[in-house]
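Commentary on secondary and tertiary structure
The residues making up each chain are set out below.
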Amino acid sequence: MRRYLQGTLDFACGIYAVINALSLIEGIDLAAGRHMLSESHVALAARPELFAAFARNETDHYWLVRYMLRRWCAAPPHALRVICPHGAAPPSERDLALEEVSLYLPERRPPEGAPSAREAGAEAALVRRELQTWFSERRKTKRAALLRFHRFLPGVPGPVISHWTCASDCDQLAVHLHDASSDANSLRHLEHRVLNPDANGRPMARIVPESLYLLENAARG
């Protein structure tokens with residue numbers, strides 16, 4: 001019988017991604033992480049319609065990631081610089097208020113990505129360059145990145161999973177993840193070969209460019 005692990009029954013990946021980014025950059029301890037998790041749940045519970053969408057995974061969680069960044073990463077003791085390379089506005093007080101929240105933020109392309117292998121390859125290369133450039137300069141600051149990826153299986157229409165995670169590095173082989181899941185089948189690395197389209201013109205996994213949030217310690221940036 002299957003042993004269910006944290007992250008396989010809940011849909012809190014957006015919350016964990018931000019907490020794990022703070023762990024990488026700020027070295028927060030267990031008590032701080034638990035406080036952020038519990039207080040974020042309390043804030044969501046005050047808005048039943050949002051909490052229901054969160055609990056049932058009836059949302060893409062863009063709003064939740066922005067809420068977490070604004071609440072926990074915008075002021076001391078954890079003031080991070082947030083860069084959105086694909087045009088999104090930095091998280092603001094409006095995100096913190098959880099008012100007029102859109103449960104789904106339309107991504108520029110469907111989960112499968114570009115209609116041609118050439119365009120899909122160009123998109124994957126762009127994301128790879130952005131992440132490699134970001135992490136290549138981390139000798140100057142402690143850095144992390146948030147991203148959302150879609151994972152696919154052959155013959156299955158649509159993604160089998162859409163997941164928010166925290167990246168800790170990007171080298172010539174892969175994007176390395178600092179992820180919350182303990183499931184043995186979870187991805188710990190997004191190898192560049194699985195992000196590039198295969199012979200059928202479809203990748204095994206796709207990072208959504210507009211989901212990228214590049215994070216560093218503001219005091220050191």
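Please refer to the structure placed before this passage.
Everything numeric here is computed off the predicted structure, so don't read it as measured data.

The next thing to look at is the overall build of the chain. Counting its secondary structure elements, the chain contains seven helices and eight strands. Relative to the globule expectation of 17 Å for 221 residues, the C-alpha radius of gyration of the chain, 17 Å, shows essentially globular dimensions. Projecting the C-alpha coordinates of the chain onto the three principal axes gives extents of approximately 45 × 45 × 40 Å. Looking at the chain as a whole, 45% of its 221 residues qualify as buried. Within the chain, residue pairs in contact and separated by at least 24 positions form 67% of the contacts whose partners lie at least 6 positions apart. In the form shown here, the chain has an accessible surface area of approximately 11,500 Å², with 55% of it arising from carbon and sulfur atoms. One finds the centroid of the 27 positive side-chain charges in the chain at a distance of 4 Å from the centroid of its 25 negative side-chain charges.

Counting buried residues in strand β3 (residues 143–151) gives eight out of nine residues, a clear majority hidden from the surface. Looking at chain direction, β3 and strand β8 (residues 213–217) are connected through four bridges and run antiparallel. Each residue of the ladder has a partner; that of Leu146, found in β8, is Tyr213. For β3 and strand β4 (residues 161–170), the ladder comprises seven bridges, and the chain directions are antiparallel. What sits directly across from Phe149, in β4, is His163. Bridge analysis of β3 against strand β7 (residues 205–207) gives three bridges, and the strand direction is antiparallel. Following the sheet pairing, Phe149 is matched in β7 by Ile207.

Scanning the model with the defined rule gives zero disulfides in all. No disulfide involves Cys84; its sulfur sits 12 Å from the nearest other cysteine sulfur, which is in Cys73. Since its relative accessible area comes to 15%, Cys84 is described here as buried. Summary of cysteine pairing: Cys170 is not part of a disulfide, and the nearest cysteine sulfur, belonging to Cys166, is at 13 Å.

Moving on: the environment of Arg34. Tracing the sequence through the fold places Arg34 in helix α2 (residues 30–45). By relative accessible area, Arg34 is classed as exposed at 56%. Note: C-alpha distance between Arg34 and Ile161 (127 residues apart in sequence) is 26 Å.

The next thing to look at is the nonpolar core. Leu64, Met68, Leu69, Leu146, Tyr213 and Leu215 are the most contacted members of the largest nonpolar core, which has 35 residues in total. Those elements that place two or more of their residues in this core are α1 (13–26), α2, α3 (48–56), α4 (62–73), β2 (78–83), β3, β4 and β8. Aside from chain neighbours lying at most four places away, what touches Met68 is Ile15, Val18, Ile19, Ser40 and Cys73. In terms of nonpolar packing, the next biggest core, distinct from the first, is built from 19 residues, Ala124, Phe149, Ile207 and Leu212 among them.

Okay, the pattern of salt bridges next. A complete count under the given rule lists 11 salt bridges for this structure. Of the charged contacts in the structure, one is a salt bridge between Glu107 and Arg148, with a shortest N-O distance of 2.7 Å. Here Arg148 lies in strand β3 and Glu107 lies in the loop between α5 (93–97) and α6 (117–136), a separation of 41 residues in the sequence. Each member of the pair Glu107 and Arg148 is classed as buried. The shortest N-O distance in the salt bridge between Glu119 and Arg109 comes to 3.5 Å. Separated by 10 residues along the polypeptide, Glu119 in helix α6 and Arg109 in the loop between α5 and α6 bring together distant segments of the chain. Through salt bridges with shared partners, a single network forms among Arg109, Glu119, Glu123 and Arg206.

Attention shifts here to the packing of aromatic side chains. For the structure on display, the rule yields two aromatic pairs. Ring centres of Phe51 and Phe54 lie 6.0 Å apart, and the angle between their planes is 55°; on these two criteria the pair is classed as tilted. On the criterion of helical spacing, the pair formed by Phe51 and Phe54 is a turn pair, its members being three residues apart in helix α3.

This part is about the packing of α2 against α3. Following both chains from N to C, one finds α2 and α3 inclined at 125°, their axes separated by 7 Å at the closest point. The angle between α2 and α3 falls in the class oblique. Here His41, Leu44 and Ala45 of α2 lie close against α3, whose contacting residues are Pro48, Phe51 and Phe54.

The next thing to look at is the pairing of strand β5 (residues 174–177). Alternating positions in β5 separate into two faces, Ala174 and His176 on one and Val175 and Leu177 on the other, with burial throughout. Where β4 meets β5, three bridges bridge the pair, whose relative direction is antiparallel. Its bridge partner being in β5, Ala167 is matched across the sheet by Leu177. Linkage of β4 to β5, two consecutive antiparallel strands, is achieved through a turn of three residues.

Rules behind the numbers
- Residues numbered from 1 in each chain as written.
- Predicted model: local features only at pLDDT ≥ 70, side-chain atom pairs only at ≥ 80, totals over all residues.
- Heavy atoms only, no water.
- Helix = DSSP H or I, 4+ residues; strand = E, 2+ residues; numbered from the N terminus.
- Rg over C-alpha atoms; globule rule 2.2 N^0.38 Å.
- Buried < 20%, exposed > 50% of the residue type's maximum accessible area, 1.4 Å probe, protein only.
- Contact = heavy atoms within 4.5 Å.
- Areas by Shrake-Rupley, 256 points an atom, 1.4 Å probe, with all protein chains shown as cover.
- Lys, Arg positive; Asp, Glu negative; His and termini not counted.
- Charge placed at Lys NZ, Arg CZ, Asp CG, Glu CD.
- Pairing = 2+ DSSP bridges.
- Disulfide = S-S within 2.5 Å.
- Core = buried A, V, L, I, M, F, W, Y, C linked by side-chain atoms within 4.5 Å.
- Salt bridge = Lys/Arg side-chain N within 4 Å of Asp/Glu carboxyl O.
- Phe/Tyr/Trp six-rings, centres within 6.5 Å; stacked < 30°, edge-to-face > 60°.
- Axes fitted to C-alpha atoms, helices over the stretch in contact; angles between N-to-C directions.
- Parallel < 35°, antiparallel > 145°, perpendicular 65-115°, else oblique.

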